[in-house]
Amino acid sequence: MTDTTDDIAVEISFQSYEDDCKMLGNLLLEVLQREAGVQMRDKVDRNRILAQSACNMRMAGIDDTAELLEKQLVSEISKMSTEEALTLARAFSHYLNLMGIAEVHHRVRRQKKVASLSKSCDDIFNQLRQGGVPPDQLYDTVCKQEVEIVLTAHPTQINRRTLQYKHLRLSNLLDYRDRHDLTSEDRDMVIEDLVREITSIWQTDELRRHKPTPVDEARAGLNIVEQSLWKAVPHYLRRVSTALKKHTGKPLPLTCTPIRFGSWMGGDRDGNPNVTAKVTKDVSLLSRWMTIDLYIREVDSLSFELSMNRCSDGLSKLAHDILELESEYDVHQSWNHHSFNRNQVKQQAAALPTQLPARADQPSCTECNVGQSHYPRSEFPRTARPGPLKQLDVPESSLPKSPSQNSLSSMPKSPSQNSLRNASLVAKRRMFAESQVGRSSFQKLLEPTPTQRSGIGPYRIVLGNIKDKLLMHVYVLRVQLMKTQRRLELLLEDLPCDSDPLDYYHTSDQLLEPLIKCHESLQECGSGVLADGRLTDLIRRVATFGMVLMKLDLRQESGRHAETLDAVTKYLDMGTYSEWDEEKKLEFLTRELKGKRPLVPPNMEVASDVREVLDTFRVAAELGSDSLGAYVISMASNASDVLAVELLQKDARLAVSGEIGKPCPGGTLRVVPLFETVKDLREAGSVIRKLLSIDWYRDHIIKNHNGHQEVMVGYSDSGKDAGRFTAAWELYKAQEDVVAACNEYDIKVTLFHGRGGSIGRGGGPTYLAIQSQPPGSVMGTLRATEQGEMIQAKFGLSQIAVRQLEIYTTAVLLATLRPPQPPREQKWCNLMEEISKISCQNYRSVVYENPEFLPYFQEATPQAELGFLNIGSRPTRRKASTGIGHLRAIPWVFAWTQTRFVLPAWLGVGAGLRGVCEKGHTEDLKAMYKEWPFFQSTIDLIEMVLGKADTFISKHYDEVLVSESRRHLGDELRMELLGTEKVVLVVSGHEKPTGGNNRILRRLIESRLPYLNPMNLLQVEALKRLRSDDDNKELRDILLITINGIAAGMRNTG
């Protein structure tokens, strides 16, 4: 489904939704009148009324009148000045966003009013129990479930983060307005606040003026965690636990979490030269920093809640030991209080906080910092800290010093330089020491004296110690970040860290240990109601997010690894690796993997591209599996692609281990082949069989990865390669073959689905997608990407995020315990092969074989102008080529979505279905639709796309922008679109697209058209003017704003 209403489009009360849309629209017109004048306000409203009237005529079947009204609208727009067109574009774009906010709000409202939501844990657990699943089997399956949602930085999020936050604030105001206890004065104040927010939005530039960096993209992902998922996860796990207890008699274990999160932001370097080894390391360290900061806040709030003295003997002993240890430190530090050490960190982690933490007076269920980031708040060791991802300009005096740092480096310097530098350092150190002495004195007045500490509650003592260690962790990260970000300063490059490893947490298990002891103590003392509050939520957060919030995957294209091995084998006079056949490569790689010496010479001089690959593996060795997730190989096609990465990883770990004199942290990364093209998907099973037949590799998987093989399948490139229908069928078969290959070697498999947001890139409702996978392919484990605008749509609000997490859990559970039906007979598979073959031929004959198609595509769509949006850090093409083959899938789908042709999602489908219907198999297709979940979901998704396509709009693009000699191609494609719609409806049995169970979705789409259609007409006018005046920045702004608005109206981009 291309709509972000996703799995819960039916969960909306339409009357109240329309009331809110009307109210928000009127407020926007008020703001517009104040900001742009009465005349402009009336002009915008007149265009809206014209568009509304035309839409009404179309829906009533009065096409002649509709066409007249549409021509009048086109005429009005063509006569507008640049300034008027800009204001119109902004007004309609903002209104489409306001409609989206209202829609999300009403989905949340609907959830609150429904006693038992469909697809919820309670609903599905009940279905399974009623269907005969024993309670123990249900319980064990849920507890063992492993789902990972991987957030990616794919450039499909149009809105600036500033506007996303403002939209969230509007959503919160709508939520507050629904309260029944508001007075008339309260309601008036809410309206005033809404006007202020809309005014602020109007006065904010909606366009990104600079491309985001990979670190900016990573920050956006981390903000989603803080903004929404941090609250949503405990709420979601409570739902799971409550439903489990209701239907099995046992709650969810405290540290069990069926869902975790991963990220590609800062790790996906495939075709993006901006993602370097340094970026990956910075993002990983900053993710750790943010995690600790979030935990510190929770510990502060928890310290106020757990004020009681009664505890178990075990916790009492732990608190006593902590006090004894602190007393020893106090005695030790009295001899040398000027040095920077653990005690200065401890001062900030007093067992009894000196002020009330934010939200400590509120129940945990109300904690939600929507639209506002408090990160980072913990101050260490200076009084003011910069933002999390700015240059960390920490005074050198705030870092630990060692005798070896009296000289800056071995770099030769003049005496005057050395003396000035040393004098500066001495002055800074003296200032810092004096400030710490003063701070220590005042801190002693605020803290309890050692004799008073024995009266502090034991829980507060233990939690104070936890905070102490968390702050020490922040200190260690600060040192690492300084060494990373200021590497040109040789003093910091070699900076040692004098912290004791026992003073901070290396792993989440170490953090969990004292928290669980507190929980057990409360339970033992009869205070289970307290144990199950904030403390349980914090334990579950630690179990879910660990020490890094989201483990970072690395991704690189297979050819880059081959180039690196080419450099190595040439240097060693072994020949050229990439020229060897597959068997010779495997023989070489296996031999080297069995060896115990490094392969890459440490002083080998290589090209910068090769050096970057080697540096990436070095960073992976330094960070290890504690911080990183998988290493994904894009464009994988052979077993040697996987072994090449295993060898480079092993080599880097040997080198790093030798330098630090101990094993590398964590374990080796999982190496995951990504099969993307149709050709590679067809060979996926054979590649996995070949890998598992190699003794070294199979033993490695069993020993280091618990007998678990992960395989990724790509939806985007396969769709661009062969069309959506063929891609869907090839993905289905590839998954079946991969699962069969792993079963042959008794190896467990996790399939990693690289899905986009749009149908053309494998998007669609989560529940429907999981339920239509091949039987046996989802056995309690699943990884899937969420990207761009879908991240904000599904996880931007905590209430929506809870629902989405439930849907992931219940869909995977059903697919595991009640797998979807396979095709009833072989004949159905044969028909699918025939449909796929015809569909692919038709698609490729148009897209790749027709020489007129590429220039038509370039003229009829804003593809060339999409690069000005600045929505992603990576280039729009893999290589410097104008052909469609090297164009990334996102701009390919994005461009067609803008013109409302959405061609990549349906082209070829009609030809394939007609081909088998003409041979007398119409009834077979109808039976397949009713009985085979995979075929039904494929047809339903295509039908949804057809419901959003608009032949009038796409024709207008052709008439204005396309050369007359090529317009016939657009006419032929529109005829094919109508033919596809007709045959799809025959198979589904529906009267019109988005029929059946999607009437609400159809109404939502229709409600947007009076604002969406003028945006398309305005975009055509902007493109027409811009292509004759391509340096006009005002016209470019109009175009980019229309792109934003159409994306908001279509509810997705690429």
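Above: the structure in question.
Model, not experiment: these values are computed from the prediction. (Residues numbered from 1 in each chain as written. Predicted model: local features only at pLDDT ≥ 70, side-chain atom pairs only at ≥ 80, totals over all residues. Heavy atoms only, no water.)

Some thoughts on the overall build of the protein
Part 1 of the reasoning: What the protein contains, in helices and strands, is 40 helices and eight strands.
Part 2 of the reasoning: Looking at the 1054 residues of the protein, the share that counts as buried comes to 61%.
Part 3 of the reasoning: Pairs at least 24 residues apart make up 84% of the contacts formed inside the protein by residues separated by at least 6 positions.
Part 4 of the reasoning: Per element, the accessible surface of the protein, about 41,600 Å² overall, is 50% carbon and sulfur. (Helix = DSSP H or I, 4+ residues; strand = E, 2+ residues; numbered from the N terminus. Buried < 20%, exposed > 50% of the residue type's maximum accessible area, 1.4 Å probe, protein only. Contact = heavy atoms within 4.5 Å. Areas by Shrake-Rupley, 256 points an atom, 1.4 Å probe, with all protein chains shown as cover.)

Quick word on the state of the cysteines
Part 1 of the reasoning: What the rule picks out here adds up to zero disulfides.
Part 2 of the reasoning: Just so you know, Cys 518 is unpaired, no disulfide at all, and the nearest cysteine sulfur is the one on Cys 311, 9.0 Å from it. (Disulfide = S-S within 2.5 Å.)

Observations concerning the packing of aromatic side chains
Part 1 of the reasoning: The final tally for this structure, using the stated rule, is 27 aromatic pairs.
Part 2 of the reasoning: Here the aromatic rings of Phe 617 and Tyr 631 are separated by 5.0 Å at their centres, their planes lie at 10°, and the arrangement is stacked. Linking Phe 617 in helix 21 (residues 608-623) with Tyr 631 in strand 4 (residues 628-634), this pair joins segments that are 14 residues apart in sequence.
Part 3 of the reasoning: Ring pairing ties together the aromatic residues Phe 853, Tyr 856, Phe 857, Trp 892, Trp 896, Phe 901 and Trp 906, which thus form one cluster.
Part 4 of the reasoning: Between the NZ or CZ atom of Arg 58 and the centre of the ring of Phe 952, over which it lies, the distance is 5.4 Å.
Part 5 of the reasoning: Above the ring of Tyr 848, the side-chain terminus of Arg 844 is found at 4.3 Å from the ring centroid. (Phe/Tyr/Trp six-rings, centres within 6.5 Å; stacked < 30°, edge-to-face > 60°. Lys NZ or Arg CZ within 6 Å of the ring centre and 35° of its normal.)

With respect to the sheet that holds strand 8 (residues 781-787)
Part 1 of the reasoning: Pairing is parallel in the closed barrel, where eight strands are placed in the order 1-2-3-4-5-6-7-8. Averaged over neighbouring strand pairs, the angle between their axes works out to 25° when direction is ignored.
Part 2 of the reasoning: Where strand 4 meets strand 5 (residues 670-675), four bridges bridge the pair, whose relative direction is parallel. Of the residues in strand 5, the one forming a bridge with Tyr 631 is Val 671. (Pairing = 2+ DSSP bridges. Axes fitted to C-alpha atoms, helices over the stretch in contact; angles between N-to-C directions.)

Quick word on the packing of helix 5 (residues 121-130) against helix 9 (residues 214-248)
Part 1 of the reasoning: Between helix 5 and helix 9, the least distance of the axes is 9 Å, while the angle of their chain directions is 30°. The orientation of helix 5 relative to helix 9 falls into the category roughly parallel. In the crossing of helix 5 with helix 9, the sense of the turn from one axis to the other is right-handed. Mapping the contact onto sequence places Cys 121, Asp 122, Phe 125, Asn 126 and Arg 129 in helix 5 and Arg 239, Val 240, Ala 243, Leu 244, Lys 246 and His 247 in helix 9.
Part 2 of the reasoning: Here the contact of helix 5 with helix 9 is composed, by residue class, of five nonpolar, two polar and four charged. (Parallel < 35°, antiparallel > 145°, perpendicular 65-115°, else oblique. Left-handed = near helix turned anticlockwise from the far one by under 90°. Nonpolar A, V, L, I, M, F, W, Y, C, P; charged D, E, K, R; others polar.)

Concerning the pairing of strand 3 (residues 551-557)
Part 1 of the reasoning: Buried residues dominate strand 3, accounting for five of its seven residues.
Part 2 of the reasoning: As defined by bridge partners, strand 3 adjoins strand 4 across five bridges and the pair is classed as parallel. The partner of Arg 555 across the bridge, within strand 4, is Val 632.

Considerations on the pattern of salt bridges
Part 1 of the reasoning: All told, the structure shown has 64 salt bridges when counted by the stated rule.
Part 2 of the reasoning: Residues Arg 974 and Asp 971 are paired through a salt bridge, measuring 3.0 Å at the closest nitrogen-oxygen approach. Placement of the pair is Arg 974 and Asp 971 together in helix 38 (residues 967-988), with a separation of three residues, close to one helical turn.
Part 3 of the reasoning: Relative accessible area serves as the criterion here: at 40%, Asp 971 is assigned to the partly exposed category.
Part 4 of the reasoning: Within the structure, one salt-bridge network assembled from shared partners comprises Glu 148, Asp 553, Arg 670, Glu 710 and Arg 783. (Salt bridge = Lys/Arg side-chain N within 4 Å of Asp/Glu carboxyl O.)

Side note on the pairing of strand 8
Part 1 of the reasoning: Of all seven residues in strand 8, seven are buried; the element is thus mostly enclosed.
Part 2 of the reasoning: Pairing geometry for strand 1 (residues 146-152) and strand 8, over seven bridges, is parallel. Directly across from Glu 148, in strand 8, lies its bridge partner Arg 783.
Part 3 of the reasoning: Here strand 7 (residues 748-754) pairs with strand 8 via two bridges, running parallel. Within strand 8, the position partnered with Phe 752 by the bridge is Arg 783.

Re helix 7 (residues 161-177)
Spacing of three or four residues puts side chains on the same side of an α-helix, whose turn is 3.6 residues.
Part 1 of the reasoning: The first and last C-alpha atoms of helix 7 sit 24 Å apart over 17 residues, in line with the 24 Å expected at 1.5 Å per residue.
Part 2 of the reasoning: Taken residue by residue, helix 7 has Leu 163, Gln 164, Tyr 165, Lys 166, His 167, Leu 168, Leu 170, Ser 171, Leu 173 and Leu 174 as its buried positions. (Expected span 1.5 Å × (residues − 1).)

Overview of the packing of helix 3 (residues 63-78) against helix 39 (residues 999-1026)
Part 1 of the reasoning: Orientation of helix 3 relative to helix 39, taken along the N-to-C sense of each, is 45°, at an axis distance of 10 Å. On the basis of the axis angle, helix 3 is oblique to helix 39. The hand of the helix 3/helix 39 crossing is right-handed. For the pair helix 3 and helix 39, contact is made by Leu 73, Val 74, Ile 77 and Ser 78 and by Pro 1014, Leu 1017, Leu 1018, Glu 1021 and Arg 1025, respectively.
Part 2 of the reasoning: Its residues assigned to classes, the contact of helix 3 with helix 39 shows six nonpolar, one polar and two charged.

Concerning the environment of Asn 274
Part 1 of the reasoning: Mapped onto the fold, Asn 274 is located in the loop between strand 2 (259-263) and helix 10 (277-305).
Part 2 of the reasoning: Each C-alpha atom of the pair Asn 274 and Thr 213 lies 7.4 Å from the other, and the pair is 61 residues apart in sequence.

Describing the side chain of Arg 560
Part 1 of the reasoning: The residue Arg 560 is located in helix 19 (residues 558-571) in this model.
Part 2 of the reasoning: Polar side-chain contacts of Arg 560 include one of 3.0 Å to the backbone oxygen of Asp 609.
Part 3 of the reasoning: In this structure Arg 560 touches Asp 609, Glu 612 and Val 613, once residues within four positions along its chain are discounted. (Polar contact = N/O pair within 3.5 Å; in protein donor to acceptor, adjacent residues only side chain to side chain.)

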